[in-house]
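As a plain string of letters, each chain reads:
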Amino acid sequence: MVKSILLVGVGGQGTILTSKILSAGLVELGFDVKMSEIHGMSQRGGSVSTQIRYGDKVYSPSIGAGEADAMVAFEKVEAARWLAYLNRGGTLIVNDQEVYPLPVLIEKEKYPSDVLEALKSTVENVKVVAASSIASGLGNARAQNIVLLGALVNALGLKDLDWERLVREHLPPRLHDLNVKALQAGLSL
Amino acid sequence: MKSLMTGNEALARGAWEAGCLVAAAYPGTPSTEILENLATYPEVYSEWSTNEKVALEVAAGAAIMGARSLAAMKHVGLNVAADPFFTMAYTGVNGGLVVISADDPGCHSSQNEQDNRNYAPFAKVAMLEPSDSQECKDFVIEAFELSERFDTPVLVRVTTRICHSKGIVELGERREAGVREYKKDVKKYVVVPAHARERHVVVEERLRSLREYSNASPLNRIEWADRGTGIIASGITYQHAREVFGDGASYLKLGFTHPLPDQTIERFAAGVDRLYVIEENDPYMETFVKSLGIDCIGKESIPACNELSPQIIRKSLLSDEPGPLYSVDTAVPARPPVLCAGCPHRGFFYAISKYKDVVAAGDIGCYTLGMAPPIGVTDSVICMGASISGAIGMAKAAERAGRKIKVFGLIGDSTFFHSGITGLIDAVYNRGNIAVAILDNRVTAMTGHQENPGTGVTLMGEVTTQVDIEGIVEAAGIKAGNIRIIDPYNLAETEKAVKEAYNSTEPFAIISRRECALLKDVQRRKRGYCVVVSDKCKKCKACMRPGCPAIAFKDGEVVIDASSCNGCTLCLQLCKFNAIVKVGE
């Protein structure tokens, strides 16, 4: 049985670190793991995605439409953009955060006001996480990615691992306290 | 020991384990991290070369001298390095020479989808194609062995999905290969016509030996299962095919893909009822299979454009579409990549955007985004270096048509070193009436902040001579009076220089110099950010014209996001009402 996880967001939101920690944990849990992230021009504020697949034996790293068992959207509109990738009955975790893309900033396009409602009325298993404000409350909004990691680990039923140690291993010591708290906050959601 | 590695990390690891001593590259997505990782192994001399041709020649020189050497590049980089690549096939090597080409099906970060497998038969060299991270490591080691055994450069061809995917890799130890003895051998290494003609005979003989070896190579293996369907695949498409067909098909998994194994293919085809050849982009294997008189299904069903995926293969070969998908009615705004907040290119682009009769030939780098709205300055982007040389041709043609336009060539610092200098000399020599702007942000930014000849530091972290751009511009023959060095954060100075360039009737150069706003040092030194004083703001939105992603019009107010503002003050300089101030300095 192979599970497929899709992380989507905006360049600079920390999707890559999240996927690194998650993949390291999946390897420790004894799974075969393939992770794929395409970067390049999209780092400059564009839409980004990371694909993680794990199970007994994984061949392709690619996830197609309707194939993700779980999806974490680090930004609301990105959840809508990538929604077709989630399989029906899959779990959607969405960060209650808006990042305006340039076409919205220059008033060529509108940022939709009803994204969360639309997602909630369409997807059966959806969890809205105020990761940015939780992380702000803990000291720095940038730790939102680790809040989301905690929420994802929880949703995947993978809490039986020392994720705190993995978070520490992937971050410099000065960020340990903040991010361990962020992880705990996510795990308890 | 096992480790989760990207293909690029594993390629570097393989080179290290194989005893590689010299490695060179020019950064280019998706290949950049190969050399970044090699540079972490102190036994390997690693360098960012000026361009891919230089990189391959550095590696070739080291191989002639007897060291195992490697050159890595993105697919279009091999076009630049094609000259030494073809002739190294004639000279052969001494120490092993491995060339890695990282292709980009799907154009994730490239200007085309060229399939560099075609280079292997064209240059008559051996080629290997790994299909995951473990094979990346193993195949590079094998490539060094084959290079020395058959006295040939070996091409290792990977794709974005291999380079940037992670898989579990079993690590090995480094096996020192040393530096082989060097003996002067002009008949081998000096390709005057008399020698080259003899070497060509050697190349053809070697191809025959390689073809024989390809049939015996463990890198080409048959996996028998259900014989109703047979699949020939290499690289990432093998993994996609396994995902789709599982044990419901037999596979000929090809890792040694030039020369292709004719006998193995014949044996496999004879053992299956229906044969698919699954490959991205060109029908490289399919054409060969058909040349053997074997019937197969390939490009008539499988798209030649874009990356493949299990889903596309399922759809193309099995007419299997995904079931009903989730969708919402909400209109989703596009999110294109943009120049960052505080990007020094923005001020320069803004200054030039006021001239409606300017045609701008752009180049490869972050500033390619100068084509995007709301700036929309750039008219063309072709390849590394084509800005300056393309501008010369545009200006000559426009002159002949009597068109009253001014042509600018816009190029970054690293791209200027890569292949802009020759164009600049051409402009001077042939009296091209163009303005050249070197957008010098002191780093190779687009690929993730690599060092370059202008930064004064090497890939290995050594302090070195900073190559002087203005010195090169002047030495190329641009008159001292026609050179301006400006700070693009100073809008008045930038506009003045652009105006002078616009009015000049001689080759003119502007060096627009300001460090990339995202450089770690710049971020550490960062002081202050801009804020809107709301009672002074007339909501004219002049500040928003250059398209800074830190400025938004929200709920009827212009607001600047303090956390993303890098304090460049371009918006402040555009505000006629003094409604923007910089704080926190």
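Note: the structure precedes this text.
Conventions and cut-offs
Residues numbered from 1 in each chain as written. Chains lettered and ligands numbered in written order. Predicted model: local features only at pLDDT ≥ 70, side-chain atom pairs only at ≥ 80, totals over all residues. Helix = DSSP H or I, 4+ residues; strand = E, 2+ residues; numbered from the N terminus. Rg over C-alpha atoms; globule rule 2.2 N^0.38 Å. Buried ≥ 20, exposed ≤ 12 C-beta atoms within 10 Å, placed from the backbone. Contact = placed C-beta atoms within 7 Å. Expected span 1.5 Å × (residues − 1). Arc of directions from axis to C-beta. Pairing = 2+ DSSP bridges. Axes fitted to C-alpha atoms, helices over the stretch in contact; angles between N-to-C directions. Nonpolar A, V, L, I, M, F, W, Y, C, P; charged D, E, K, R; others polar. Core = buried A, V, L, I, M, F, W, Y, C linked by C-beta atoms within 7 Å. Domains from an automatic or database assignment.

Draft legend 1. Spatial organisation of the overall build of chain B. Each helix and strand counted, chain B has 21 helices and 23 strands in total. Expected size for 585 residues packed as a compact globule is a radius of gyration near 25 Å; at 27 Å, chain B falls within 12% of this value. The principal-axis extents of the C-alpha atoms in chain B amount to approximately 80 × 65 × 55 Å. In chain B, which comprises 585 residues, the proportion classed as buried is 55%. For chain B, long-range pairs separated by at least 24 residues make up 74% of all intrachain contacts whose partners lie at least 6 apart in sequence.

Draft legend 2. Seen up close, helix α8 (residues 176–187) of chain A. All names here are of chain A. In this model, α8 (twelve residues) spans 16 Å end to end at C-alpha, consistent with the 16 Å of a helix rising 1.5 Å per residue. Of the positions making up α8, those classed as buried are Asn179, Ala182, Leu183, Ala185 and Gly186. Looking straight down α8, one finds its buried side chains confined to an arc of 160 degrees; they lie on one side. Those residues of α8 that are buried lie in contact with α5 (131–138), α6 (144–156) and α7 (163–169).

Draft legend 3. Summary view of the sheet that holds strand β12 (residues 256–258) of chain B. All names here are of chain B. One open sheet holds the seven strands; their spatial order is β3-β2-β4-β5-β7-β6-β12, and the pairing between them is mixed. The open sheet has two edge strands with one neighbour each: β3 (45–48) and β12. Mean inter-strand twist for the sheet, computed between neighbouring axes without regard to direction, equals 25 degrees. Where strand β4 (residues 69–74) lies against strand β5 (residues 97–103), six bridges are found, and the strand directions are parallel.

Draft legend 4. Fine view of helix α7 (residues 133–150) of chain B. Residues and elements named next belong to chain B. Taking 1.5 Å of rise per residue, 18 residues should cover 26 Å, and α7 covers 25 Å from first to last C-alpha, within 8% of that figure. Buried residues dominate α7, accounting for 14 of its 18 residues. Positive backbone phi, approximately 55 degrees, marks Asp151, located one or two places after α7.

Draft legend 5. Layout of the interface of chain A and chain B. Each side of the interface is counted separately: chain A has 51 residues, and chain B has 47 residues. Counting only elements with at least two residues in the side of chain A that touches chain B, the list comes to α1 (15–28), β2 (32–37), α2 (76–82), β5 (86–95), α3 (102–105) and α4 (115–122) of chain A. Element by element, the count of residues in the side of chain A that touches chain B is highest for β2 of chain A, at six residues. For the side of chain A that touches chain B, the residue count by class is 28 nonpolar, 13 polar and ten charged. Relative to strand β8 (residues 165–170) of chain B, β2 of chain A is paired through two bridges, and the arrangement is antiparallel. Its bridge partner being in β8 of chain B, Met35 of chain A is matched across the sheet by Lys166 of chain B.

Draft legend 6. Geometry of the nonpolar core. Among the nonpolar cores identified, the biggest contains 135 residues, and Met71, Val147 and Leu148 of chain A are the most heavily contacted of them. No other element matches α6 of chain A, which puts seven residues into this core. Here this core spans two domains, and each of domain 3 (344–522) and domain 4 (526–583) of chain B adds at least three residues to it. Setting aside anything within four residues of it in sequence, one finds Val147 of chain A in contact with Val129, Ala131, Ile134, Ala135, Ala182, Ala185 and Gly186 of chain A. Membership of the second largest hydrophobic core comes to 103 residues, among which are Ala24, Ala62, Ala120 and Val158 of chain B.

Draft legend 7. View of unusual backbone geometry. Residues and elements named next belong to chain B. The step from His258 to Pro259 runs through a cis peptide bond, and the omega angle for that step is -10 degrees. Relative to the helices and strands, Pro259 resides in the loop between β12 and α12 (262–270). Note that the residue after Pro373, namely Pro374, is joined by a cis bond; omega there is 0 degrees. Topologically, Pro374 is positioned in the loop between β14 (358–361) and β15 (378–380).

By themselves, these observations are geometric and do not establish any function.
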